[in-house]
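Chains, contacts and geometry: an overview
Residues per chain, in single letters:
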There are 2 protein chains.
Amino acid sequence: MRRQPTVSDVASAAGVSRQTVSNVLNSPEIVKPETRDRVRHAIADLGYRPHASARRLRTRTSATIGVRLDPGVDGMAGSLLDRFLHALVERADALQLRVLLYTAADEQSELDVIDRLLEGADVDALVLTSTHYGDRRIDWLMEREVRFVTFGRPWDTSGPADAEHLWVDVDGRSGVADATRHLLGRGCRRIAFLGWPAGSGTGDDRRAGWRDEMRAAGVPEAELDGLDLALEEDPADGTAAARLVARLAPEPEAVVCASDSLALGAWLAIGERATVMGYDDTPVARALGFSSIAQPLAEVAAQALELLTEPPAPGEQRHRLLAPSLVLRGTAGGA
Amino acid sequence: MRRQPTVSDVASAAGVSRQTVSNVLNSPEIVKPETRDRVRHAIADLGYRPHASARRLRTRTSATIGVRLDPGVDGMAGSLLDRFLHALVERADALQLRVLLYTAADEQSELDVIDRLLEGADVDALVLTSTHYGDRRIDWLMEREVRFVTFGRPWDTSGPADAEHLWVDVDGRSGVADATRHLLGRGCRRIAFLGWPAGSGTGDDRRAGWRDEMRAAGVPEAELDGLDLALEEDPADGTAAARLVARLAPEPEAVVCASDSLALGAWLAIGERATVMGYDDTPVARALGFSSIAQPLAEVAAQALELLTEPPAPGEQRHRLLAPSLVLRGTAGGA
């Protein structure tokens, strides 16, 4: 039987990247018309069918993907994974794949649950979220040759598996750097960062984006340390973050935050006088009108399922790092 | 084989309602100690096993429940159904039942999807959310004798099926009435209501709770009409609701709202001077510190699965209307 053409074949034929082919399939409006036409011609010439790969996975066994849903994650941050789940289910549905949910109280019970799901052929593949330092699931799944992809890159490189497994992530560091650069470009110099205590991969990455740009703008290290605030996330209480921000003197002209929950606190403290930049573009940011950094969740879902249904050949890129976008509102939108 | 005892058997033996037995199993802390002991004795005497009924469903075919996940419902209101999903998955997991997600663009495609899922024995039963006037799914499922339960009561009584199908809902009217009575008891008289335009079952029901109490307190009909505000839900813009509330003169002492999104608008407009009462107790209400009405989602999930796994006998109650609770914060908490 002739091999079915893949996204890589289309990319080669059209002289573009896999990412561009994926964009034409998933978000055609962001691709230049000439490029779009070239990719569509290649698709037609090769007889590429976007769904063929999904059908391969589908006809194998259950055509079902397992996803863990954590109980009662009830903050604004939790809503990001819910929004990702919506995007994933919608995308999976278009590929006639199903999504089965499970819960697990801890890592060991998650491995037990996955074991049972695989044994019963209830799921063929997994999408893991909330990757973290020392995530045991990765090696466990690699050893058993289970098909899986993570939303979230590996945050340590202890095992050889880390470089090998399939992942999609969003480049938080570049997102926060873009936000900081935007504020510097508007003449702000005293820009604070409100994040989580050091030690979380995601949090440290976002903080680094702010530090990078502030250093590049010549802000001395001692001043940076004074502008660098850390707080445990507590979505139940915006006032803790507000108190922390209110203590800064002189007051900053802008506050870049690692989450919209933290940004809400900053907004309560100095939102009338300073620009507040959140992260995740939650309904709260929209409702209160502060700027935020949006993760491209539909694209994360599309790429994760593409990696699962069309596993890259040896030597091909095994992960996708996507760029977030700035959503500017109110005073931050000014020139 | 001897019939397995059911919740009804335990209720009869202990001389309490099914609801009380369910409370002892799911939320024992809300049951009086004497009652709790009596129910527990009945459970032990009869050899009732809470999981036996789930096992019956489980061993039948796929032990999987289908739930629709709507794409991109990205407001604060959407988060309610996400929180319900978390509660449902957690509860289903404890009963060793699985939850499979599907999406559908409209009612007809939802029926098509359900048809396929049932045909392939992918799901044994369904939990439907977002019931509405003229909901065709109910009759369709009744005709096919599909096992299902809805979170949400039928809002019209056109078909004979409406009284028959299994549902769990939260009594929004009594929740809003409780909130209004609480405010009246604290001496507020000028209490506005901010809800949705007439025609939504849920919205009209909540508005009625406010009207009931205001009338009972002797507020004239003309004044009520002036305090009754309606706005299409737009979670992207808290300022529309704020503008509407700001137009009221004289300013109300309190605003009871049909949702936390609307309450956010009221809070932005007059939150410093008036008491604001939201609905759904979202993270936003907690973060900003306004009061809200909380739906008992864990209990809704538990009752929905109980109805599915232990279908009531003919003549037994086929639905459960649960009471929401007031979560008082800030000024609303005062005596």
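Residues numbered from 1 in each chain as written. Chains lettered and ligands numbered in written order. Predicted model: local features only at pLDDT ≥ 70, side-chain atom pairs only at ≥ 80, totals over all residues. Heavy atoms only, no water.

With that settled, the discussion passes to the overall build of chain A. When its secondary structure is counted, chain A shows 14 helices and twelve strands. The buried share of chain A, reckoned over its 335 residues, is 57%. Accessible area for chain A stands at about 13,800 Å²; split by element, carbon and sulfur atoms hold 51% of it. (Helix = DSSP H or I, 4+ residues; strand = E, 2+ residues; numbered from the N terminus. Buried < 20%, exposed > 50% of the residue type's maximum accessible area, 1.4 Å probe, protein only. Areas by Shrake-Rupley, 256 points an atom, 1.4 Å probe, with all protein chains shown as cover.)

It is worth spelling out the sheet that holds strand 12 (residues 325–327) of chain A at this point. All names here are of chain A. Read from one edge to the other, the open sheet built from six strands follows the order 7-6-8-9-10-12, with strand pairing classed as mixed. Unpaired on one side and paired on the other, strand 7 (228–230) and strand 12 mark the two borders of the sheet. Strand-to-strand, the axes of this sheet are offset by a mean angle of 20 degrees, without reference to chain direction. Judged from the three bridges that link them, strand 9 (residues 275–279) and strand 10 (residues 291–294) form a sheet pairing that is parallel. Considered in strand 10, the bridge of Tyr279 is made with Ile293. Contacts between helix 8 (residues 172–185) and the sheet are confined to strand 6 (191–195), strand 8 (254–257), strand 9, strand 10 and strand 12, with strand 9 contributing the most and set at about 170 degrees to the helix. Running at roughly 165 degrees to strand 6, helix 9 (residues 201–216) makes contact with strand 6, strand 7 and strand 9 of the sheet. (Pairing = 2+ DSSP bridges. Axes fitted to C-alpha atoms, helices over the stretch in contact; angles between N-to-C directions. Contact = heavy atoms within 4.5 Å.)

What follows is about the packing of aromatic side chains. All names here are of chain A. What the rule picks out here adds up to four aromatic pairs over all chains. Pairing Phe193 with Trp210 gives two aromatic rings, centres 5.6 Å apart and planes at 25 degrees, and the pair type is stacked. Note that Phe193 is positioned in strand 6 and Trp210 in helix 9, a separation of 17 residues in sequence. By the burial criterion, Phe193 is buried, and Trp210 matches it. When the ring centre of Tyr279 is taken as origin, the NZ or CZ atom of Arg206, which lies over that ring, is 3.6 Å away. (Phe/Tyr/Trp six-rings, centres within 6.5 Å; stacked < 30°, edge-to-face > 60°. Lys NZ or Arg CZ within 6 Å of the ring centre and 35° of its normal.)

With that settled, consider the environment of Val245 of chain B. Within the element layout of this structure, Val245 of chain B appears in helix 11 (residues 238–246). Val245 of chain B sits in the buried class, given a relative accessible area of 1%.

In an α-helix, one full turn covers 3.6 residues, which means residues spaced three or four apart are oriented alike. Residue and element names in this part refer to chain B. Here helix 3 (residues 33–46) contains 14 residues, and its C-alpha end-to-end distance of 20 Å stays within 8% of the 20 Å for a straight helix at 1.5 Å per residue. Those residues of helix 3 not exposed but buried are Thr35, Val39, Ala42 and Ile43. Looking straight down helix 3, one finds that the buried residues subtend no more than 100 degrees of arc, so they occupy a single side. Summarising the geometry of helix 3, the exposed residues directed more than 90 degrees from the buried face are Glu34, His41, Ala44 and Asp45. On the buried face of helix 3, the contacting elements are helix 1 (7–14) and helix 2 (18–26). Of the residues flanking the end of helix 3, it is Gly47, one or two places downstream, whose phi is positive at about 70 degrees. (Expected span 1.5 Å × (residues − 1). Arc of directions from axis to C-beta.)

Further remarks concern the packing of helix 2 (residues 18–26) of chain A against helix 14 (residues 297–309) of chain A. Residues and elements named next belong to chain A. Running from amino to carboxyl end, helix 2 crosses helix 14 at an angle of 115 degrees, the nearest separation of the two axes being 11 Å. The two elements helix 2 and helix 14 cross, and the hand of that crossing is right-handed. Residues Arg18, Gln19, Ser22, Asn23 and Asn26 of helix 2 pack against Glu299, Ala302, Gln303 and Glu306 of helix 14. For the contact of helix 2 with helix 14, the per-class residue count stands at one nonpolar, five polar and three charged. (Left-handed = near helix turned anticlockwise from the far one by under 90°. Nonpolar A, V, L, I, M, F, W, Y, C, P; charged D, E, K, R; others polar.)

Our next topic: the nonpolar core. Membership of the largest hydrophobic core comes to 142 residues, with the highest contact counts inside it found for Leu85, Leu101, Ile191 and Leu194 of chain A together with Leu85, Leu101 and Leu194 of chain B. Those residues within four positions of Leu85 of chain A in sequence are excluded, and the remaining contacts are Val67, Leu69, Val99 and Leu101 of chain A together with Leu69, Leu85 and Leu101 of chain B. Listed in part, the 28 residues of the second largest apolar core include Ile138, Leu141 and Val146 of chain A together with Leu100 of chain B. (Core = buried A, V, L, I, M, F, W, Y, C linked by side-chain atoms within 4.5 Å.)

Attention now goes to the side chain of Asp82 of chain A. Relative to the helices and strands, Asp82 of chain A resides in helix 5 (residues 78–94). Here Asp82 of chain A is buried and forms no salt bridge, its nearest opposite-charge partner Arg83 of chain B lying at an N-O distance of 8.2 Å. Sequence-distant contacts of Asp82 of chain A, defined by excluding residues within four places in its chain, comprise Leu69 of chain A together with Asp82 and His86 of chain B. (Lys, Arg positive; Asp, Glu negative; His and termini not counted. Salt bridge = Lys/Arg side-chain N within 4 Å of Asp/Glu carboxyl O.)

All names here are of chain A. Among the secondary structure elements, Asp115 is positioned in helix 6 (residues 107–119). A relative accessible area of 40% places Asp115 in the partly exposed class. Separated by 29 residues in sequence, Asp115 and Arg144 place their C-alpha atoms 9.9 Å apart.

Moving on: the confidence of the model for chain A. Summary statistics for chain A give a mean pLDDT of 85 and a share of 86% for residues scoring 70 or more. With pLDDT under 50 throughout, residues 55–60 of chain A is counted as low confidence; its partners more than four residues away or in other chains account for 15 contacts. (pLDDT = per-residue confidence, 0-100.)

Attention now moves to the sheet that holds strand 12 (residues 325–327) of chain B. Residues and elements named next belong to chain B. The strand order across the open sheet formed by six strands is 7-6-8-9-10-12, and the pairing between neighbours is mixed. Pairing within the sheet leaves two strands with one partner each, and these edge strands are strand 7 (228–230) and strand 12. Each adjacent strand pair in this sheet contributes to an overall mean axis angle of 20 degrees, direction not counted. Here three bridges tie strand 10 (residues 291–294) to strand 12, and the two strands are oriented antiparallel to one another. What sits directly across from Ile293, in strand 12, is Leu326. Those strands touched by helix 8 (residues 172–185) are strand 6 (191–195), strand 8 (254–257), strand 9 (275–279), strand 10 and strand 12, and its axis lies near 170 degrees from that of strand 9. Packed onto the sheet, helix 12 (residues 260–270) meets strand 6, strand 8, strand 9 and strand 10 and runs at close to 165 degrees relative to strand 9.

This model, assessed by the stated rule, comprises 44 salt bridges over all chains. Linking Arg153 of chain B and Asp205 of chain B is a salt bridge whose minimum nitrogen-to-oxygen distance equals 3.4 Å. Of this pair, Arg153 of chain B sits in the loop between strand 4 (147–151) and strand 5 (166–170) while Asp205 of chain B sits in helix 9 (residues 201–216), placing them 52 residues apart in sequence. Judged on exposure class, the residue Arg153 of chain B and its partner Asp205 of chain B are both buried. With its nearest N and O atoms 2.8 Å apart, the salt bridge here joins Arg273 of chain B to Glu251 of chain B. Linking Arg273 of chain B in the loop between helix 12 and strand 9 with Glu251 of chain B in the loop between helix 11 and strand 8, this pair joins segments that are 22 residues apart in sequence. In this structure Arg273 of chain B comes out as exposed when scored by relative accessible area, which is 56%. What makes Glu251 of chain B partly exposed here is its relative accessible area of 35%. Here the salt bridges share partners, and the residues they tie into one network are Arg207, Arg211, Arg215, Glu221, Asp225 and Asp228 of chain A.

A separate point is the side chain of Gln303 of chain B. Residues and elements named next belong to chain B. Mapped onto the fold, Gln303 is located in helix 14 (residues 297–309). Gln303 sits in the buried class, given a relative accessible area of 0%. A polar atom in the side chain of Gln303 sits 2.3 Å from the side chain of Arg320. Once you skip the residues sitting within four places of it in the chain, Gln303 turns out to touch Gln19, Ser22, Val168, Arg320 and Leu322. (Polar contact = N/O pair within 3.5 Å; in protein donor to acceptor, adjacent residues only side chain to side chain.)

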